[in-house]
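Read off the chains here:
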Amino acid sequence: MNWIKETLSRLEAERLRRSPPAVGPAAAGRSVTVEGRDYICFASNNYLGLAGDGRLAEAASRAARAFGAGAGASRLLVGTLSIHRELEGRLAAFKGTEDAVLFSTGYQAGIGAVSALAGPLPGSSHRQGMRIPSVAFLDKLCHACLVDGARLSAARVRVYPHLRTEKLEELLGRETEATRRLVVTESLFSMDGDSPDLGGLFALAGKHDALLLLDEAHATGTLGPGGRGLAAEAGLAGEPRLVQMGTLSKALGSVGGFIAGTRELCEYLRNTARSYIYTTAPSPASVAAALEALKVLEEEPGRLERLRANVSFLAERLSAVEVRGPIVPVPAETPERALWAQGELRERGLWVPAIRPPSVPQKGSRLRVSLCSEHTREDLEALATALKDLGLA
Ligand SMILES: *Cc1c(COP(=O)(O)O)cnc(C)c1O
């Protein structure tokens, strides 16, 4: 087993070895306690401060008492409780689709949906299923769960440069033998904080008879009217060719993932997505917390407004950095400089993660700032001042 030890040593030498820091309980979102010290937190996906909201915790504990701490079985056996169907109905209404399928995590939603939509058709042997050649087209910066789903599908995978729709068009034009095509993208990219031209992409997918899977993990609760996502913003929510994916674990403050789309699409996934079939149904507590989050999102539009105001405020203060949304990449040129900046910011009580290879290319090393609705103007001022002092903004 020497290779395990040697690999860890090599990672250590390259300063790439990582371990999860122990933090205090989920707070409102604007601060974090790491190893006993408090920081202003610019690292979480708790965009609306809901992860630590007492109402979500209350709803979760009520559901645990009513339904049990665990669901006890997988969805297709005896794991589907009324609360699972209730959440699926609420998510479909939220996303403007006929139905929605709940997964235990967003990661499982991504890997399950991509592998099921690009993979062999069920009821046939693998070889027969793949006689209908399938191709998955992914943006270069797609999340690991989408990449892993494409790999698992055994479909041909074509990767196009980030946001370059004209390159995708070339690839689509070349794959003339494929009879099933799946284009995969995100609505708010997790490292670059940018978005595709969804209207253009959707039209292109339509022209080539392709399905478009849109991962709205970071956009659910942050983009579009009422936080309904980029699909809603682009007026494409009810389009049968658009497969909307989301997570309950970021702005919605719980845990779980979902796919929203037509009734048939959802039924297909319930019959084919292995990460839906072969796992225990999500816990009643996490389902109830997500239901409560959707309610709060609707009843308190001020949260989303505060998040958007914080984005605008930081954009104003940091003219040298492109601030497009709640995820703000601050270029640092080299991994060493990113690490140095991370340390300097911690000295000032600001928790901002450095992002280095292999998450990004060498020259793409950066700090990644995430904003939330609960950050105060003082928090943002402190961040902007520190970034300027360090020569990063
Ligand atoms: C976080 C994330 C996921 C995974 O969601 P979880 O619910 O945390 O498993 C999927 N896709 C993207 C783009 C993400 O950022």
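This text goes with the structure placed above it.
Conventions and cut-offs
Residues numbered from 1 in each chain as written. Predicted model: local features only at pLDDT ≥ 70, side-chain atom pairs only at ≥ 80, totals over all residues. Heavy atoms only, no water. Helix = DSSP H or I, 4+ residues; strand = E, 2+ residues; numbered from the N terminus. Rg over C-alpha atoms; globule rule 2.2 N^0.38 Å. Contact = heavy atoms within 4.5 Å. Areas by Shrake-Rupley, 256 points an atom, 1.4 Å probe, with all protein chains shown as cover. Buried < 20%, exposed > 50% of the residue type's maximum accessible area, 1.4 Å probe, protein only. Polar contact = N/O pair within 3.5 Å; in protein donor to acceptor, adjacent residues only side chain to side chain. Near = heavy atom within 4 Å. Nonpolar A, V, L, I, M, F, W, Y, C, P; charged D, E, K, R; others polar. Axes fitted to C-alpha atoms, helices over the stretch in contact; angles between N-to-C directions. Left-handed = near helix turned anticlockwise from the far one by under 90°. Phe/Tyr/Trp six-rings, centres within 6.5 Å; stacked < 30°, edge-to-face > 60°. Core = buried A, V, L, I, M, F, W, Y, C linked by side-chain atoms within 4.5 Å.

A.B. asks: Can you tell me about the overall build of the protein chain, naming the residues and giving the values?
C.D. replies: Counting its secondary structure elements, the protein chain contains 16 helices and 13 strands. Rg of the C-alpha trace for the protein chain: 21 Å, near the compact-globule value of 21 Å for 393 residues, within the 12% margin. In terms of overall dimensions, the protein chain has a C-alpha envelope of 60 × 50 × 50 Å along the principal axes. Long-range pairs, those at least 24 residues apart, make up 72% of the contacts in the protein chain between residues at least 6 apart in sequence. When the accessible surface of the protein chain is summed, it comes to about 17,600 Å², and 52% of that surface belongs to carbon and sulfur atoms.

A.B. asks: Before we move on, could you go through the side chain of Asn46 and cite the residues and values that matter?
C.D. replies: The residue Asn46 is located in the loop between strand S2 (37-41) and helix H2 (54-67) in this model. Residue classification places Asn46 among the buried residues on the basis of a relative accessible area of 9%. A polar contact of 3.0 Å, which involves the side chain of Asn46, links it to the backbone nitrogen of Leu50. Only 3.0 Å separates the side chain of Asn46 from the backbone nitrogen of Ala51, close enough to count as a polar contact.

A.B. asks: Could you give an account of the site of the ligand, naming the residues involved and the relevant values?
C.D. replies: Neighbouring the ligand are 15 residues, the closest being Asp215, His218, Thr247, Ser249 and Lys250. In this structure, His218 approaches the ligand through a side-chain N or O atom, which is 2.7 Å from an oxygen atom. In the model, an oxygen atom of the ligand is placed 2.7 Å from a nitrogen or oxygen of the Thr247 side chain. If you list the elements that add at least two residues to the shell around the ligand, you get helix H5 (106-118) and strand S8 (242-247). Here the shell around the ligand is composed, by residue class, of four nonpolar, eight polar and three charged.

A.B. asks: Quick rundown of the packing of H5 against helix H7 (residues 144-153)? Include the residues and the values.
C.D. replies: The interhelical angle for the contact between H5 and H7, taken along N-to-C directions, is 30 degrees, at an axis separation of 7 Å. Note on packing geometry: the crossing formed by H5 with H7 is right-handed. Of the residues in H7, those in contact with Gly106, Tyr107, Gly110, Ile111, Val114, Ser115 and Ala118 of H5 are Ala144, Cys145, Leu146, Asp148, Gly149, Ala150, Leu152 and Ser153. Tallied by class, the residues present in the contact of H5 with H7 amount to nine nonpolar, five polar and one charged.

A.B. asks: I'd like to hear about the packing of aromatic side chains, residue by residue, with values.
C.D. replies: Two aromatic rings, taken as a pair, are described by how far apart their centres are and by the angle between their planes. Evaluated as defined, the whole model comprises two aromatic pairs. Consider the rings of Tyr39 and Trp351, whose centres lie 4.9 Å apart with planes at 65 degrees: the pair is edge-to-face. Of the two residues, Tyr39 is situated in strand S2 and Trp351 in strand S11 (residues 350-351); the sequence distance between them amounts to 312 residues. Just as Tyr39 is buried, Trp351 falls in that class too. A centroid spacing of 5.9 Å and a plane angle of 70 degrees characterise the contact between Phe103 and Tyr276, whose relative ring orientation is edge-to-face.

A.B. asks: Which residues make up the nonpolar core, and what values go with them?
C.D. replies: Membership of the largest hydrophobic core comes to 82 residues, with the highest contact counts inside it found for Phe42, Leu87, Leu367 and Leu371. In terms of residues, this core owes the most to one element, helix H13 (residues 284-299), which gives nine residues. In this structure, Val114, Ala136, Leu138 and Leu269 belong to the second largest nonpolar core, which totals 27 residues.

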